[in-house]
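Architecture and fold: a report
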Amino acid sequence: ERLGDYRILREVGRGGMGIVYEAEQESLGRRVAVKVLPRQSLLDPKHLRRFEREARMAAALHHTNIVPVFGVGEQDGYHYYVMQFIDGVGLDRVVERLNRTSESEAAKVGEAGSPPCWLPPPGRGHWQGVASIGVQAAEALDYAHSRGVLHRDVKPGNLLVDSAGVVWVTDFG
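Remember, it's a predicted structure, so these values are computed and weren't measured experimentally. (Residues numbered from 1 in each chain as written. Predicted model: local features only at pLDDT ≥ 70, side-chain atom pairs only at ≥ 80, totals over all residues. Heavy atoms only, no water.)

Along its 15 residues, helix 1 (residues 45-59) runs 21 Å from first to last C-alpha, staying within 8% of the 21 Å computed at 1.5 Å per residue. Where helix 1 is buried, its residues touch strand 4 (30-37), strand 5 (69-75) and strand 6 (78-84). (Helix = DSSP H or I, 4+ residues; strand = E, 2+ residues; numbered from the N terminus. Expected span 1.5 Å × (residues − 1). Contact = heavy atoms within 4.5 Å.)

Attention now goes to the pairing of strand 5. Bridge count for strand 5 against strand 6 is 6 bridges, and the pairing is antiparallel. When the bridges of strand 6 are listed, Gly71 appears paired with Val82. Linkage of strand 5 to strand 6, two consecutive antiparallel strands, is achieved through a turn of 2 residues, within which Asp76 is found at a positive phi near 50°. (Pairing = 2+ DSSP bridges.)

Moving on, we come to the pattern of salt bridges. A full pass over the atoms with the stated rule returns 10 salt bridges. Between Arg2 and Glu26 there is a salt bridge; the shortest N-O distance is 2.7 Å. Taken together, the positions of Arg2 in strand 1 (residues 2-3) and Glu26 in the loop between strand 3 (18-25) and strand 4 put the pair 24 residues apart, joining distant regions of the chain. Looking at Arg2, the relative accessible area reads 40%, which means it is partly exposed. Since its relative accessible area comes to 35%, Glu26 is described here as partly exposed. We note a salt bridge from Arg10 to Glu22, for which the minimum N-O separation is 2.6 Å. In this pair, Arg10 is assigned in strand 2 (residues 6-15) and Glu22 in strand 3, connecting sequence segments 12 residues apart. By sharing partners, the salt bridges in this structure join Arg2, Arg7, Glu24 and Glu26 into a single network. (Salt bridge = Lys/Arg side-chain N within 4 Å of Asp/Glu carboxyl O. Buried < 20%, exposed > 50% of the residue type's maximum accessible area, 1.4 Å probe, protein only.)

Below is the structure:
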């Protein structure tokens, strides 16, 4: 329920390197994402080193399309790092939703089950929106690579898209 200054609100994702929670940083009154290394991972010291390296490398990157890391911590044996909370969805879920949506339904942008409001219905604008997603991800990865950081797990689930259509690269694993 709590890690230091962070009150855990809900789980928002899980993967090979940890569980991500939405939390409130109470001292600053802001929403953040907290990635926690599962305790069973501590049985292998290599997992903790990888987790700490991921936090350090991501924290050193400052780019419009890379989720910023605010800090790291450990409490009661739980190791975690704190990031900006991105109110969005993974690109994997966007593609899944688009695949389930017919062209006629796509015209009802913004309704439940329709494509995200930032992505126009099929046509020229739609493909420009799709291309914009690719460009944003590529620019963020190029920036990271230019600083010697390789994203070890590039996939749609690690590309978050917010309600304005901004792509955020996360989970440098």
